[in-house]
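Below, each chain spelled out in residue letters.
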Amino acid sequence: MALIGDKEFFKGIGEIKYEGRDSDNPLAFKFYNPEQVVAGKTMRDHFKFAMAYWHTLCGTGGDPFGPGTKSFPWAMASDSVKAAQDKADAAFEFITKMGFDYYCFHDYDLVDEADTLSKSEERIQGIVAYLKEKQEASGVKLLWGTSNCFSNPRYMNGAASNPDFNVVARAGAQVKIALDATIALGGENYVFWGGREGYMSLLNTDMKREQDNIGRFLNMAKDYARSQGFQGTFFIEPKPMEPTKHQYDFDAATSINSIREYGLENDFKLNIEVNHATLAQHTFQHELQVAANAGMLGSVDANRGDYQNGWDTDQFPNNVLETAEAMLVFLKSGGLQGGGINFDAKTRRNSTDLEDIFLAHIGGADTFARALLIADAVIQQSPYESLLNKRYASFNSGKGAEFSAGELSLTDLYDYAKGKGEPEQISGKQELFENIINQYV
Ligand code: XUL
Ligand code: CO
């Protein structure tokens, strides 16, 4: 794999290797062993780990109480094109040193937006050509691209859902350019996270019209991309709130409904983000299961929230037990359809060493790897599956089987229940299930 040109941004840090759980080297994987086969696939292929351009290279740690704390050596150039190239060099140095295969971006993560659409398009085309060379030299691939239609003040009332057609059209132009960039870079998928597609007050909102406009917009984007030869999958990334009070893509179930309502079910799946799930008062594993049940478990944005507050903290994953439950869903549903595990996560504002970016991604990858090993062992070695099947055994024979086959009427249930008397009490055994997971950690 190739690497670093004449400059090195992450000095003193080499390739991150798997050294096993007994290693004391903080810059080594303890559980993520890319070539290790688990449940018939290498960890590398199960996960397809990706670096998120925005957090890793653009986010300097600003919050509502103060500016960024991190001065990145790749963000020093005053010329936009030069700064974008430095950032791309840093990106590829980081990804290859991590041993990851993928990255993800928003259009204006790559290069600053210019003062006109045409100049912005030119800048994006320039950096895309640069990235293409870097991809070819390193073997690193684009997991997905997306467009940032939420930061610029023109999108304060939404993008595709904006009450002004002029803004909707401007968002369309931006998405076209981002799709062109994604296709030029061989992107495997394209993401739509709602951004400001939602509303703050119903008093000034025609919700039906806004949602129909989004449906129309997504169909246009899909038709355009297909006409340009894009064969990847489109993902909707659900989030219940923030930045708007009511986001239209609230959670997996809501997004699946919209996908079906607007006839997008053959082209769209879901990108499930951990902290978005918890903001919707669901667990990560619940959202994965809802997506999997619909055949739409496409990709994952990996991070975690904070139990003590209610906003999107985008911390790196480190909860092994929770992730193990998620990996049970992941393995049992056959993994991700087209996507991967994108670290949509940021180091804390006061984690200011460049090394911290490596430590954070190592911890995230190890958490997923360890969770995968636990889930696989639980499925292969423990009584978990048979206990779960036993819970539903009454549907496997007799009247239960006839019910499952759709052969009974409500009157049949009446006749059956009348002859049976009060059903016997059967424990749910939750603690036993929990203990089994603990046993395999
Ligand atoms: C916002 C978020 C985005 C999307 C891409 O909460 O997760 O970064 O992943 O637009
Ligand atoms: Co995300």
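You'll find the structure just up there.
All figures in this text were calculated on a predicted structure; none of them were measured in a lab.

Some thoughts on the pattern of salt bridges
And then number 1: Here the structure, examined in full by the defined rule, presents 22 salt bridges.
And then number 2: Note that Lys7 is salt-bridged to Asp86, the shortest N-O span being 3.6 Å. Within this pair, whereas Lys7 is found in the segment before strand S1 (17–18), its partner Asp86 is found in helix H3 (residues 80–98), the two being separated by 79 residues in sequence.
And then number 3: For Lys7, a relative accessible area of 29% gives the class partly exposed.
And then number 4: According to the relative accessible area criterion, Asp86 is buried, its value standing at 7%.
And then number 5: One salt bridge in this structure joins Glu113 and Arg170, with 3.9 Å as the shortest N-O distance. Placement of Glu113 in the loop between helix H4 (107–110) and helix H5 (117–138) and of Arg170 in helix H6 (residues 165–184) is noted, with a sequence separation of 57 residues between them.
And then number 6: On the accessibility criterion, Glu113 (25% relative accessible area) is partly exposed.
And then number 7: When salt bridges that share partners are traced, they join Lys7, Lys82, Asp86, Asp89 and Lys134 into one network.

Observations concerning empty space enclosed by the protein
And then number 1: Here the structure, examined in full by the defined rule, presents three cavities of 30 Å³ or more.
And then number 2: In this structure, the largest cavity occupies an estimated 80 Å³ of space.
And then number 3: Around the largest cavity, the lining residues are Val274, Phe284, Asn303, Arg304, Pro317, Asn318, Asn319, Glu322, Thr323 and Phe368.
And then number 4: For the lining of the largest cavity, the class distribution of residues is four nonpolar, four polar and two charged.
And then number 5: There is about 40 Å³ of room inside the second largest cavity.
And then number 6: Lining the second largest cavity are Pro238, Lys239, Phe250, Asp251, Ile272, Glu273, His276, Ala277 and Glu287.

Some remarks on a nonpolar patch on the surface
And then number 1: A cluster of nonpolar side chains, namely Tyr392, Phe395, Phe403, Leu410 and Leu413, defines an oily patch on the protein surface of about 520 Å² accessible area.
And then number 2: Here Leu410 shows up in helix H15 (residues 410–420).
And then number 3: The class of Leu410 is exposed, set by a relative accessible area of 69%.

Description of unusual backbone geometry
In terms of backbone geometry, most residues other than glycine have negative phi values and most peptide bonds are trans.
And then number 1: Cis geometry marks the peptide bond from Glu242 to Pro243; its omega dihedral reads 15 degrees.
And then number 2: In this structure, Pro243 sits in the loop between strand S10 (233–237) and strand S11 (246–247).
And then number 3: The phi torsion at Gln281 lies on the positive side, around 65 degrees, for a residue other than glycine.
And then number 4: Residue Gln281 is classed as exposed on the basis of its relative accessible area of 73%.

Here we look at the nonpolar core
And then number 1: Among the nonpolar cores identified, the biggest contains 117 residues, and Phe47, Tyr53 and Tyr103 are the most heavily contacted of them.
And then number 2: For this core, the element with the most residues is helix H12 (residues 354–381), which contributes 12 residues.
And then number 3: Excluding residues that lie within four positions of it along the chain, Tyr53 makes contacts with Cys58, Lys87, Ala88, Ala91, Tyr103, Cys104, Phe105, Asp109, Leu110 and Leu131.

Each value, and the rule that gives it
- Residues numbered from 1 in each chain as written.
- Chains lettered and ligands numbered in written order.
- Predicted model: local features only at pLDDT ≥ 70, side-chain atom pairs only at ≥ 80, totals over all residues.
- Heavy atoms only, no water.
- Salt bridge = Lys/Arg side-chain N within 4 Å of Asp/Glu carboxyl O.
- Helix = DSSP H or I, 4+ residues; strand = E, 2+ residues; numbered from the N terminus.
- Buried < 20%, exposed > 50% of the residue type's maximum accessible area, 1.4 Å probe, protein only.
- 1 Å grid on protein atoms, 1.4 Å probe; cavity = no way out; pocket = protein on both sides within 12 Å on 5 of 7 lines; lining within 4 Å.
- Points joined across faces, edges and corners; volume = space filled by probe spheres on them.
- Nonpolar A, V, L, I, M, F, W, Y, C, P; charged D, E, K, R; others polar.
- Patch = residues over 30% accessible without salt bridge, like charges linked within 9 Å, V, L, I, M, F, W, Y side chains within 5 Å.
- Areas by Shrake-Rupley, 256 points an atom, 1.4 Å probe, with all protein chains shown as cover.
- Core = buried A, V, L, I, M, F, W, Y, C linked by side-chain atoms within 4.5 Å.
- Contact = heavy atoms within 4.5 Å.

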